[in-house]
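# Inside the fold
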Amino acid sequence: MTRMSSFARAPEREYLVDAAGDPDFAAIRALPEFVALRRRLARFAAVATVAFLLWYLTYVVLAAYATEFMGTRVFGNVTVGLLLGLSQFASTVLIMVLYSRFARRRLDPEVAALRERAGVAAP
Amino acid sequence: MNGDPLLNSAIFGVVVVATLFMVYRVSGNSTTADYYAAGGGFSGGQNGLALSGDYLSAASFLGIAGAIAVQGYDGFLYSIGFLVAWLIPLLLLAERVRNVGRFTMGDVLSFRMRQRPVRAAAANATLVISAFYLLAQMAGAGVLVALLLDVRSTGGQALVIVGVGAIMILYVLIGGMRGTTWVQIIKAGLLLVCVLMLSVFILGRFGFSMSNLLDRAARNNPLGEAVFSPGARYGESGTSKLDFVSLALALVLGAGALPHVLMRFYTVPDARQARRSVVSAIWAMVLFYLATLVIGYGAGAIVGSRAIQDAPGAENSAVPLLAFEVGGPVLLALVAAVAFTTILAVVAGLTLTASASFAHDVYANVIKRGAPEPGAEMRVARVTAVVIGCLAILGGILALGQNVASLVALAFALAASANLPTILYTLFWRRFNTAGSLASIYGGLGSCLLLIVFSPVFSGTSTSIVEDVDFHLFPLSNPGIVSIPLSFLLGFLGTIFSKERSDVTRSEQLEVRSVTGIGA
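Since this is a predicted model, take the numbers as computed values, not measurements.

What counts and how
- Residues numbered from 1 in each chain as written.
- Chains lettered and ligands numbered in written order.
- Predicted model: local features only at pLDDT ≥ 70, side-chain atom pairs only at ≥ 80, totals over all residues.
- Helix = DSSP H or I, 4+ residues; strand = E, 2+ residues; numbered from the N terminus.
- Contact = placed C-beta atoms within 7 Å.
- Rg over C-alpha atoms; globule rule 2.2 N^0.38 Å.
- Buried ≥ 20, exposed ≤ 12 C-beta atoms within 10 Å, placed from the backbone.
- UniProt positions renumbered as here; feature names shortened; annotations may be inferred.
- Expected span 1.5 Å × (residues − 1).
- Axes fitted to C-alpha atoms, helices over the stretch in contact; angles between N-to-C directions.
- Parallel < 35°, antiparallel > 145°, perpendicular 65-115°, else oblique.
- Left-handed = near helix turned anticlockwise from the far one by under 90°.
- Nonpolar A, V, L, I, M, F, W, Y, C, P; charged D, E, K, R; others polar.

With that settled, the discussion passes to the overall build of chain A. In terms of helices and strands, chain A carries 5 helices and 2 strands. For chain A, the α and β elements follow one another from N to C terminus as α-α-α-α-β-β-α. Look at the contacts in chain A between residues 6 or more apart in sequence, and 55% of them connect residues 24 or more apart.

Here's what the structure looks like:
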């Protein structure tokens, strides 16, 4: 049913299936929508990965080589090191939330559309 | 410690009987898809809890809190590495691994390569990494037993390791992935409730002021206020600092490449649920590692670091001592039971992964070339689980009393060296080929193992596995900083120096499939 409706909506688009009825991977890969989707995903993943790795390694290097700075008191007995450590927790949660939102809004609908055109039921 | 071994054993017995009964009820292992991946029938939330259950070993629970109690801030560095590491599976691996493979890491690595050599390599890496991890857990079980059940003789501890191994084999044989996953879920739930209750209780004692808690922790520690900043453990010399950076690198890059973590992504129906698994797992671990910070400093403040170091089991005894101090023998017994369930669940997960890799990659695809007789693969998987279980028991007994705490960190270094570069290249570099795969798996695995053998972990210091002979040539106890980049380099060189062209059809298929799940 869903196939029919999408066909009716976009008659100029052919199904992405080969003669045997299997998904036509070469055709899908060449599709501008797929290329854009793949690029968008790769860009987000690469930027987020590099960012969190650099941030984590900065923290690690500070912990190893700048112990006095890490021991500076901010308030009470709470030190810079403790706050930076907790900020690693915060940044992890932040990246996780951002990625989930990005995936839900920008990836999942596109993936669903491609799957439908390739004759695969929505997950 | 004045815990009651009888009470501890009774509560532990109840937990074992209850989980075994549950494993029996949910089991249903007629097919390989059931046995390896629970038919893909878990939800993201359930699998997320199970992931954290697989990941939070007794080393995390007892080891990190103990390290914070005794060494202060340096113990906390572990927590951060273990947690931050989960962004790699979230951003790069979970969804793609789910989309591309079916049961094992070998499925992904061999997807567009020559099947037999790459599958064999993936299985070798899986078996070595799981063996390291398994050995650490089994030997840890011995130490825990000494501590909690007051079994002090070596014979008695060996007997308990046999018991732990036997229960673990039962979980795997009866329950397969479905039963094992439920054990992980229950264990993770128990563990989270336990640490959260403990930390609220501790904070309550100090008027919910972290600063007061820290103040007392410093006063009860000979290191004094040095416990508020890094350096107590790793700050000694240039080598120890570099060793710490190497460890941190291995932790952050290794977690997502652990075979038993990767295999968890197949127990959910699709990539979206795999993503949700990681998200729930991260939430659970944020709570857990925040709690270890409070519990660690709390143990230092309430029990005192000297009393912890004098207790049998030293750092590992911090949490049990603390539990006894704040909640008497009953709370101690509960903590003991949670720690035992933790070990049981983790070793069951590891055994299942190793047996799946052998049966699915080596037996079905390398030996039988992808066409095993019906039912044979399952039989092989079950026999392998028993064999691995027995080897783990034996290894655990031999490793009793050895310094095995760092074995877990070494398993991370091995995973980051042998698996991560190969997985990333397979997924993201079109030209990557069989020669490159083999170079990076065997190069990473081999260099990492070699550096371990010639490291101070193995020989030359009072805490080494071989104390009397000194053949350590490599100064760092964690080889990650050398072997991880080396493996990336070898994968690259292996690819560009081989004439082999990558399989275009399979590459296209992999690209489409990893992003969309079409064809999975």
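Another aspect to go through is the overall build of chain B. Across its full length, chain B holds 21 helices and 0 strands. What you see for chain B is a C-alpha radius of gyration of 22 Å, in line with the 24 Å of a compact globule of 520 residues. Principal-axis analysis of the C-alpha atoms places the extent of chain B at approximately 65 × 55 × 45 Å. Looking at the 520 residues of chain B, the share that counts as buried comes to 63%.

A word on the UniProt feature "transmembrane region" (unreviewed entry) in chain A. Mapped onto this numbering, the UniProt entry gives "transmembrane region" (unreviewed entry) at residues 44-66 and 78-99 of chain A. Within the segment residues 78-99 of chain A, helix and strand shares are 91% and 9% respectively, and the terminal C-alpha atoms sit 31 Å apart.

Let us look at the environment of N316(B). Residue and element names in this part refer to chain B. Inspection of the secondary structure assignment puts N316 in the loop between α14 (305-310) and α15 (318-367). Judged by the 25 C-beta atoms lying within 10 Å of it, N316 is buried. Remark: the alpha-carbon pair of N316 and G101, spanning 215 residues in sequence, is separated by 38 Å. Those residues in contact with N316 that sit more than four places away from it in its chain are L62, G63, G66, V143 and L147.

Moving on: α15(B). An ideal rise of 1.5 Å per residue puts 74 Å on 50 residues; α15(B) reaches only 48 Å between its terminal C-alpha atoms. Most of α15(B) sits inside the fold, with 43 of its 50 residues counted as buried.

What follows is about the interface of chain B and chain A. Between chain B and chain A, the contact holds 42 residues from the first and 45 residues from the second. When contributions to the side of chain B that touches chain A are tallied by element, the ones reaching two or more residues are α5 (73-84), α6 (87-100), α10 (210-219), α11 (238-254), α13 (271-302) and α21 (504-516) of chain B.

What follows concerns the environment of L6(B). All names here are of chain B. Along the chain, L6 falls in helix α1 (residues 5-26). Judged by C-beta crowding, with 12 C-beta atoms within 10 Å, L6 ranks as exposed. Separated by 143 residues in sequence, L6 and L149 place their C-alpha atoms 7.6 Å apart.

In this section: α5(B). Compared with the 16 Å implied by 1.5 Å per residue over 12 residues, the 17 Å span of α5(B) between its first and last C-alpha is a close match. For α5(B), every residue scored as buried is listed here: Y73(B), D74(B), G75(B), F76(B), L77(B), Y78(B), S79(B), I80(B), G81(B), F82(B), L83(B) and V84(B).

Turning next to the packing of α1(B) against α15(B). All names here are of chain B. Between α1 and α15, the least distance of the axes is 9 Å, while the angle of their chain directions is 45°. In this view, α1 runs oblique relative to α15, as classed from their interaxial angle. The element α1 and its partner α15 pack so that their crossing is right-handed. Where α1 abuts α15, its residues L7, N8, I11, F12 and V15 lie against P329, A333, L334, A336, A337, F340 and T341. Partitioning the contact of α1 with α15 into residue classes produces 10 nonpolar, 2 polar and no charged.

Moving on to the environment of A318(B). Residue and element names in this part refer to chain B. Looking at the secondary structure, you find A318 in helix α15. On the basis of neighbour count, A318 is assigned to the buried category, with 31 C-beta atoms found within 10 Å. Measuring from C-alpha to C-alpha, the distance between A318 and G517 comes to 46 Å, with 199 residues separating the pair along the chain. In this structure, A318 is in contact with A65, G66, A69, A299, V303 and I308, ignoring residues within four places of it in sequence.

What follows covers the packing of helix α3 (residues 32-65) of chain A against α11(B). The contact between α3(A) and α11(B) brings their axes to 9 Å, and the two run at 155°. Judged by the angle between their axes, α3(A) and α11(B) are roughly antiparallel. Of the two possible hands of crossing, α3(A) and α11(B) adopt the one that is right-handed. Facing α3(A), whose interface residues are Y56(A), V60(A), V61(A), A64(A) and Y65(A), α11(B) presents K241(B), F244(B), V245(B), A248(B) and V252(B). Grouping the amino acids of the contact of α3(A) with α11(B) by side-chain chemistry returns 9 nonpolar, no polar and 1 charged.

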